[in-house]
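Working through the structure, step by step
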Amino acid sequence: MCAGMITGWYEACFLRNKRGIEARNSPKKWPERPENDRLRTMKTQPYPEDIDTPEAFDDLEDNSGDDITLELVATQGGRLDQVLADMIPEHSRNRLQQWIKAGRILVDGKPVLEPKHKIYGSENLSVRVDQVQTEAQAGTFLPEPMDLHVVYEDEHILVINKPAGLVVHPAAGNWQGTLLNGLLAYDPVFTHLPRAGIVHRLDKDTSGLMVVAKTLTAHTHLVRQLQARTVKRLYRAVVCGVPRVDGTVNAPIGRDQRLRTRMSVTSQGKEAITHYRLLEMYPGCSLVECVLETGRTHQIRVHMGFLGNPLVGDITYIAGRRYPLPEPAANFQRQALHARQLGLIHPVTGEAMKWTVQPPPDMADLINDLRDLADNA
């Protein structure tokens, strides 16, 4: 009996040792899963009903002396903000919500402060229209003549090719010399619009296409297109390393809790979706194409860094990590990002329009140098 127990013990030890040797000598098999499953499994917040756009930052001051009042009768039922948006479409729903919260809307003579207030139809609605006294109108920002690379212009919209190094909107540390100042000098119509007609932005050191509204109607229409995600924005970027596969990054972005000047992927952030595609491979880096489905601050820079492929030259998001970059990439002095293509529906004619511009000389030279290195490798 005792001998049988000892024999059984030796056999068990032998089998365990044999399995261990086989496990060490055989290649490790990882469970198959799509490349971006780790992104899809992140906790995300419900998508907000009112998407955050540049218009949300408009300063709608109470300049009641210049206001006009619209007297309307509700022709349908529904949420107050939606009913008003359908009746006076020249004002965006976002702006109408701000007016409701500011007490500018009366329903049957009584102020209502909730945009979701139920309307049944036939109510008398009084709308005190804010004439949108912007910072530019108040004289806070001054016109500054500058050379703007105009790609397209008509009486409703202006499309420009923004150079790297130009700040779009004044902020702390950049109160002058911005695109907004240049727009005020370019055409007086911009003084009558929220943020001089600017409806979206590019980072200071990102080059490429931007559209600017020249009328309030165009401004509202463009903001709605951005909200509906029908504005098509295509970028070219040179990134460190090589992304493993083409794909989509679906990871929420919010303010970095440790360094407030940075953004980061966080479960407490807002929905952010970037589609990317590998175009060319070079020694130590690669050229990718990115298409934005949403427009969060630093979105491409954050998402590519999240994949482990931060943009060449982006000292903010390389964040101390070391990449074996060739000399042209290691010496590049800004994030290698260019807004190459812009597509939208014209806010008045309804025509589908698209513009494409090539990268500026510094980025074009970078790509050509990297191609030469790849050819000679």
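Since we're looking at a predicted model, the values are computed, not measured.

A word on the overall build of the protein chain. A count of helical and extended segments in the protein chain gives 10 helices and 17 strands. Nonlocal contacts in the protein chain, meaning residues at least 24 apart in sequence, comprise 67% of its contacts between residues at least 6 apart. Taken as a whole, the protein chain presents about 19700 Å² of accessible surface, with 52% of it coming from carbon and sulfur.

Where helix α3 (residues 80–87) meets helix α4 (residues 93–101), the closest approach of the two axes is 9 Å, and the angle between their N-to-C directions is 125°. Taken together, α3 and α4 sit at an angle that is classed as oblique. Like other packed secondary-structure pairs, α3 and α4 cross with a definite hand, here right-handed. Side by side, α3 and α4 meet where Leu80, Asp81, Gln82, Leu84 and Ala85 of the first sit next to Arg93, Leu96, Gln97 and Ile100 of the second. A breakdown of the residues in the contact of α3 with α4 according to their chemical character gives 5 nonpolar, 2 polar and 2 charged.

Further remarks concern the sheet that holds strand β1 (residues 68–73). The strands making up a sheet associate through backbone hydrogen bonding, with each pair oriented either parallel or antiparallel. A sheet is described by the order of its strands in space; here 4 strands give the open sequence β1-β6-β3-β4, paired in antiparallel fashion. Since the sheet does not close on itself, it has two edges, and those belong to β1 and β4 (110–111), each with one partner. Bridge count for strand β3 (residues 105–107) against strand β6 (residues 124–129) is 3 bridges, and the pairing is antiparallel. By the bridge assignment, isoleucine 105 is partnered in β6 with valine 127. Strands in contact with α3 are β1, β3 and β6; relative to β6, the strand with the most contacts, it is inclined by about 75°.

Let us look at the nonpolar core. Among the nonpolar cores identified, the biggest contains 38 residues, and Leu179, Leu183, Phe190, Tyr235, Ile300 and Met304 are the most heavily contacted of them. Looking at this core, the elements that each hand over two or more residues are β8 (157–162), α5 (179–186), β9 (207–213), β10 (232–240), β13 (263–265), β15 (285–292), α7 (299–306) and β16 (337–345). With residues near it in sequence (within four places) discarded, tyrosine 235 still touches Leu202, Val288, Glu289, Cys290, Leu292, Ile300, Leu337, His338, Ala339 and Arg340. In terms of nonpolar packing, the next biggest core, distinct from the first, is built from 17 residues, Ala85, Val107, Leu125 and Val129 among them.

To continue, consider the pattern of salt bridges. If you walk through the whole model with that rule in mind, you get 13 salt bridges. In this structure, the salt-bridge partner of glutamate 293 is arginine 229, at a minimum N-O distance of 3.4 Å. Of this pair, glutamate 293 sits in the loop between β15 and α7 while arginine 229 sits in the loop between α6 (216–228) and β10; the two residues are 64 residues apart in sequence, bridging distant segments of the chain. Notably, a salt bridge pairs glutamate 280 with arginine 371, separated by 2.9 Å at the nearest N-O pair. With glutamate 280 in strand β14 (residues 273–282) and arginine 371 in helix α10 (residues 361–376), this residue pair connects regions lying 91 residues apart in the sequence. The exposure class of arginine 371 is partly exposed, given its relative accessible area of 34%. Taken together, the salt bridges that share partners define one network made up of Arg79, Asp81 and Arg93.

On to the state of the cysteines, then. In this structure the tally under the stated criterion is 0 disulfides. Left unpaired, cysteine 240 is separated from the closest cysteine sulfur, that of cysteine 285, by 7.3 Å. Since its relative accessible area comes to 0%, cysteine 240 is described here as buried. We classify cysteine 285 as buried; its relative accessible area is 0%.

Our next topic: the environment of valine 150. With respect to the helices, strands and loops of the structure, valine 150 is situated in strand β7 (residues 150–153). Relative accessible area serves as the criterion here: at 29%, valine 150 is assigned to the partly exposed category. Along the chain, valine 150 and leucine 209 lie 59 residues apart, while their C-alpha atoms are 9.6 Å from each other. Ignoring anything within four residues of it in the chain, the contact list for valine 150 reads Leu158, Val159, Ile160 and Tyr186.

In this section: the pairing of strand β11 (residues 247–250). A one-sided burial pattern is seen for β11, the buried positions being Gly247 and Val249 and the unburied ones Thr248 and Asn250. The pairing of β11 with β14 spans 4 bridges and is classified as antiparallel. Pairing of glycine 247 across the sheet is with tyrosine 276, part of β14.

What follows is about the confidence of the model for the protein chain. Considering every residue of the protein chain, the mean pLDDT works out to 81; 79% of them sit at 70 or more. Contacts from residues 9–66, a stretch scored under 50 in pLDDT, to residues over four places away or in other chains number 78 contacts.

What counts, and where the lines are drawn
Residues numbered from 1 in each chain as written. Predicted model: local features only at pLDDT ≥ 70, side-chain atom pairs only at ≥ 80, totals over all residues. Heavy atoms only, no water. Helix = DSSP H or I, 4+ residues; strand = E, 2+ residues; numbered from the N terminus. Contact = heavy atoms within 4.5 Å. Areas by Shrake-Rupley, 256 points an atom, 1.4 Å probe, with all protein chains shown as cover. Axes fitted to C-alpha atoms, helices over the stretch in contact; angles between N-to-C directions. Parallel < 35°, antiparallel > 145°, perpendicular 65-115°, else oblique. Left-handed = near helix turned anticlockwise from the far one by under 90°. Nonpolar A, V, L, I, M, F, W, Y, C, P; charged D, E, K, R; others polar. Pairing = 2+ DSSP bridges. Core = buried A, V, L, I, M, F, W, Y, C linked by side-chain atoms within 4.5 Å. Buried < 20%, exposed > 50% of the residue type's maximum accessible area, 1.4 Å probe, protein only. Salt bridge = Lys/Arg side-chain N within 4 Å of Asp/Glu carboxyl O. Disulfide = S-S within 2.5 Å. pLDDT = per-residue confidence, 0-100.

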